[in-house]
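Given next are the chains, with one letter for each unit.
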Amino acid sequence: MTAEAPTTAVPEVRLRDLRPTVSPVEVVGRVVSFDRREIVRKSDGSRRPLLSGLLSDGTATVRFSWWDPPREGIERGTILRAVGVEVREFRGRPELTFTWRTRVGPAGPAELPRVDADELPFRTVRGLAAPDEGFRIEARVVRIGSRTVTVGEERRVVHEGLVGDRTGVIALSSWADFGLAAGEAVRISGGYVRSFRSRPQLVLDERSAVVRIDGGDLPDPAEFLRSPPRTIAAIEDEGGGEAITVEGIVVGLLPPSGLVYRCPTCQRTVKNGICRVHGQVEGRADLRARLVLDDGTGALTINAGRADTERLWGATLEEARRRLREEPDPSLLEESILETLLGRRLRVRGAGTKDDFGVTVSPESIETVEVDLEAAAAELASRFSEGR
Amino acid sequence: MALREPAWRVTARELETSLEEEKGEGERAASYLLSPFAARMNRVLITGTLSPAEPIGRDESQPFWRSRLTDPTGAVAVTAGSFQPRAMAQLRSSPAPRPAIVVGKVHLYRGRDGVGYVSVRAEAVRFVAETEERAVLADIVRQTLDRVDLVERIEKVPATGEASLVAEGIPRGWIRAARESLQRYPNVDRAAFRRDLRPALRRVAGDSGPVATAPLPPATVSVTRAPPSPPPPPPPTAAERAEESMFLDHLDEIAEVSADGYADLKELLARVATEGLLGDRAEAVLSRLEEEGVVEEPIVGKLRRA
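Keep in mind it's a predicted model, so treat the numbers as computed, not measured.

### Section: the overall build of chain A
Scanning chain A from N- to C-terminus turns up six helices and 20 strands. Here the C-alpha radius of gyration of chain A, 27 Å, is well above what a compact globule of 388 residues would show, namely 21 Å. Its C-alpha atoms give chain A principal-axis dimensions of about 85 × 60 × 45 Å. In chain A, buried positions account for 45% of the 388 residues. Residue pairs in contact within chain A that sit at least 24 positions apart in sequence constitute 59% of those at least 6 positions apart. Accessible surface, chain A as shown: approximately 20,400 Å² in total, 49% of it carbon and sulfur. A gap of 4 Å separates the mean positions of the 57 positive and 61 negative side-chain charges of chain A.

Okay, here's the thing in structure tokens:
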């Protein structure tokens, strides 16, 4: 507790422990994000300023609404102590309201509740969803890499990869360097989950903690990337996945496929010599195939790049350009790709994201599957002889 | 959210038995053909021997071609028009029956007599090697058996929860289709349908093509149109003339008593078969009569005098 004791007899609670039945309360939290608005009262047209956003204390993140807030002094990252906060429940989650009775003042990081990693509940990877926080997981680093990004004025290094346990795999994005290496088993606490391209992503920062563990019961790193295929229907249900494997038959080809031109700066496809972002550019020729893969339960799009397209189609980019010079109709190339691939059985691994048109896979590997007809016939024959 | 419709793996036999529709409501809603065996089809993937295509329709600005896909369990009409230019070009490109894979949308046509005819409007067609045809057929038979099993399971224990089936890896779409099948086709002989699939299994195992070995199921006749005769056609012999006349007599008899004035192709072939005019030969007579403009088939499976 702090030196200046609260004058009213409201309990100080951690955000994770908020209950609508215990109100008002005292909380300490960091402003994660906020927005200022004015609410017009219908009865007399009067305006009342409102500041609303997310407040986090490391155990949970909750929405808060602050009526008649101060004009300034509130920033992202500001830590507040609020006494006499109303707790309400909205759609099953607690929310905070700062009313005229609430006394709000600045606080320091030391006043945030001490989150003891040992008391955080263990969760499994499959169970994680935005905006979870205040949990621990034990997982294996499937892969990890780093890149430099520009955040505002700053250049920062972000470590990105995948971690997984027996239940699944989740994308990882760490703003702090924990020296992670692929294959390591780790216990992670103090991370939070956000939604990135409609998939959950585990985010770590300076406040997170990583401990190496033995991890004998965690799967082998290679196992994550070599998982047996699942039905496309299941993957549609789950909205994609970080490391999915599917097997199906090519039933179509979507535009743009074949010979495309890409912006030399951002790799976007160029239409009529114009990049969506960089305007008029000299496009760089590339080969791609957007395959529709169907397994009878669902269909998804495979964005095959140049190497895969060349291998599956059996013709190179140079060959495609030569053919185009001879017969200047790009749709013939598309037709030729479809003609080669329609009905081919493929096994594809990669990351799948879902939008309104379904799941799109950025493949890490595409293999042609040769069907063992004898084995297939034997398997089917056994099903006929079951006597049903 | 309009996800792409999956291509249901089905046999010609399953298409022949599918008579129930689910019409989509609202703008651009998909329609479905429901089979008795847990298929709720908008798009299908089929394989078999594709006969050379023939043009139908008189309007030259709206070309429309039709051929027949025969698999070991039955046959289905495959069509393509100017809205499927690639598929149409493929259909037209083949001068002789060849194994093919077809992806397309199912259509149910109901004649005035209420009889339904299923056809597949091709979106993509590829002629393939025999091994590829057998590989795709294996996929079709496996998934068909999986679906029949599912229908039987849900019939036995109607309270089976969707969640537990999904946990086993069964797609939600199949579960929904299985429940629809049980509701719409309460008295279906699934054992007979399994028997109908056996020839497909033999084909996967390597038996020669369906044209040669397909047994004639009672309700279905394997039909393969003869390739167009090379010009100039030799004059028909007297025996051929006799067959034609017998063929036409039966056609007239059937047409006279039918509700819509057309002669049903299946019925006609069954009748001429009793007079010894079988399979390919009956087909040859029919193509000759069609070429000479004596008989026409304005609707799939429906004949009349031109």
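### A word on the domain arrangement of chain A
Many descriptions give the size of an interface as the accessible area lost when the pieces come together. Residues and elements named next belong to chain A. By domain assignment, chain A separates into domain 1 (15–111), domain 2 (117–221) and domain 3 (227–373). Between the C-alpha centres of domain 2 and domain 3 there is a distance of 30 Å. Buried area between domain 2 and domain 3, summed over both chains or domains, comes out near 670 Å², and the portion from carbon and sulfur atoms is 43%. Where domain 2 touches domain 3, the interface holds two salt bridges. Taking the shortest distance from any N to any O, the salt bridge between Arg-143 and Glu-364 comes out at 2.9 Å.

### Details of the sheet that holds strand E3 (residues 32–34) of chain B
Residues and elements named next belong to chain B. Read from one edge to the other, the open sheet built from three strands follows the order E2-E3-E4, with strand pairing classed as antiparallel. Taken across any chain shown, the strands that pair with only one partner, and hence form the sheet edges, are strand E2 (20–22) and strand E4 (40–41). With three bridges connecting them, E2 and E3 associate as antiparallel partners. Residue pairing for E3: Glu-22 is matched across the bridge by Tyr-32. Its contacts with the sheet place helix H5 (residues 172–184) against E2, E3 and E4, and it is angled at close to 130 degrees to E2.

### Some details on the nonpolar core
Core analysis: the largest hydrophobic core is formed by 43 residues, its most contacted members being Leu-291, Leu-293, Leu-300, Ile-302, Leu-346 and Val-348 of chain A. Looking at which element gives the most residues to this core, the answer is strand E14 (residues 240–262) of chain A, with seven residues. The contacts of Leu-300 of chain A, once residues within four sequence positions are left out, are Ile-232, Val-246, Leu-291, Val-292, Leu-293, Val-359 and Val-361 of chain A. By size, the runner-up hydrophobic cluster in this structure holds 38 residues, among which are Val-102, Phe-127, Ala-177 and Leu-182 of chain B.

### With respect to the interface of chain B and chain A
Taken together, the 40 residues of chain B in the interface contact 38 residues of chain A. With both chains or domains summed, chain B and chain A bury close to 3,300 Å², and 60% of this area falls on carbon and sulfur atoms. The largest per-residue losses of area from chain B upon contact with chain A belong to Arg-4, Arg-86 and Arg-126 of chain B, which jointly make up 20% of the total buried on that side. The interface formed by chain B and chain A contains eight salt bridges. As a salt-bridge pair, Asp-237 of chain A and Arg-172 of chain B come within 2.7 Å of each other at their nearest N and O atoms. At the junction of chain B with chain A, the criterion picks out 14 residue pairs in polar contact (both at pLDDT 80 or more). Secondary-structure elements contributing two or more residues to the side of chain B that touches chain A are strand E1 (7–9), helix H2 (85–93), strand E9 (98–110), strand E10 (116–127), helix H3 (130–156), H5 and helix H6 (190–204) of chain B. With 13 residues, the top contributor of residues to the side of chain B that touches chain A is H3 of chain B. Grouping the amino acids of the side of chain B that touches chain A by side-chain chemistry returns 22 nonpolar, four polar and 14 charged.

### Overview of the sheet that holds strand E19 (residues 345–355) of chain A
Residues and elements named next belong to chain A. Read once around its circumference, the closed barrel built from five strands follows the order E14-E17-E18-E20-E19, with strand pairing classed as mixed. Taking the axes of each pair of neighbouring strands and ignoring which way they run, one obtains an average angle of 50 degrees across the sheet. With six bridges joining them, strand E17 (residues 284–294) and strand E18 (residues 299–304) adopt antiparallel strand pairing. Across the sheet, Arg-290 pairs through a bridge with Asn-303, a residue of E18.

### Some details on H2 of chain B
Of the residues making up H2 of chain B, those classed as buried are Ala-87, Met-88, Gln-90 and Leu-91 of chain B. Buried residues of H2 of chain B fall within an arc of 160 degrees about the axis and therefore sit on the same side. Turning to H2 of chain B, the residues buried within the fold contact helix H5 (330–341) of chain A together with strand E5 (43–50), strand E7 (64–71), strand E8 (74–81) and E10 of chain B.

### A few points about the environment of Arg-134 of chain B
Along the chain, Arg-134 of chain B falls in helix H3. Judged by relative accessible area, which is 13%, Arg-134 of chain B ranks as buried. Remark: the alpha-carbon pair of Arg-134 of chain B and Ala-87 of chain B, spanning 47 residues in sequence, is separated by 21 Å. Not counting the four nearest positions on each side in its chain, Arg-134 of chain B is found in contact with Leu-373 of chain A together with Arg-203, Val-204, Ala-205 and Gly-206 of chain B.

### Examining the packing of H3 of chain B against H5 of chain B
Residue and element names in this part refer to chain B. One can describe the packing of H3 onto H5 by two numbers: an axis separation of 9 Å at closest approach and a directional angle of 60 degrees. Both H3 and H5 take part in a crossing whose hand is right-handed. Contact with H3, carried on its side by Gln-143, Asp-146, Arg-147, Leu-150, Val-151, Ile-154 and Glu-155, involves Trp-174, Ile-175, Ala-178, Arg-179 and Leu-182 of H5 and no other residues of that element. The residue makeup of the contact of H3 with H5, split by class, is seven nonpolar, one polar and four charged.

### A word on the pairing of strand E2 (residues 47–56) of chain A
Residues and elements named next belong to chain A. Two elements, strand E1 (residues 25–40) and E2, share 10 bridges in a ladder whose sense is antiparallel. The partner of Arg-36 across the bridge, within E2, is Leu-51. The antiparallel hairpin formed by E1 and E2 contains six residues in its connecting segment, where Gly-45 sits at a positive phi of about 75 degrees. In terms of strand pairing, E2 meets strand E3 (residues 61–67) through seven bridges, oriented antiparallel. In the strand pairing of E3, Ser-52 is matched with Ser-65. As consecutive antiparallel partners, E2 and E3 are separated by four residues, and within that stretch Gly-58 has a phi angle of approximately 90 degrees, a positive value.

Criteria and thresholds
Residues numbered from 1 in each chain as written. Chains lettered and ligands numbered in written order. Predicted model: local features only at pLDDT ≥ 70, side-chain atom pairs only at ≥ 80, totals over all residues. Heavy atoms only, no water. Helix = DSSP H or I, 4+ residues; strand = E, 2+ residues; numbered from the N terminus. Rg over C-alpha atoms; globule rule 2.2 N^0.38 Å. Buried < 20%, exposed > 50% of the residue type's maximum accessible area, 1.4 Å probe, protein only. Contact = heavy atoms within 4.5 Å. Areas by Shrake-Rupley, 256 points an atom, 1.4 Å probe, with all protein chains shown as cover. Lys, Arg positive; Asp, Glu negative; His and termini not counted. Charge placed at Lys NZ, Arg CZ, Asp CG, Glu CD. Domains from an automatic or database assignment. Buried area = accessible area lost by both parts, 1.4 Å probe. Salt bridge = Lys/Arg side-chain N within 4 Å of Asp/Glu carboxyl O. Pairing = 2+ DSSP bridges. Axes fitted to C-alpha atoms, helices over the stretch in contact; angles between N-to-C directions. Core = buried A, V, L, I, M, F, W, Y, C linked by side-chain atoms within 4.5 Å. Polar contact = N/O pair within 3.5 Å; in protein donor to acceptor, adjacent residues only side chain to side chain. Nonpolar A, V, L, I, M, F, W, Y, C, P; charged D, E, K, R; others polar. Arc of directions from axis to C-beta. Left-handed = near helix turned anticlockwise from the far one by under 90°.

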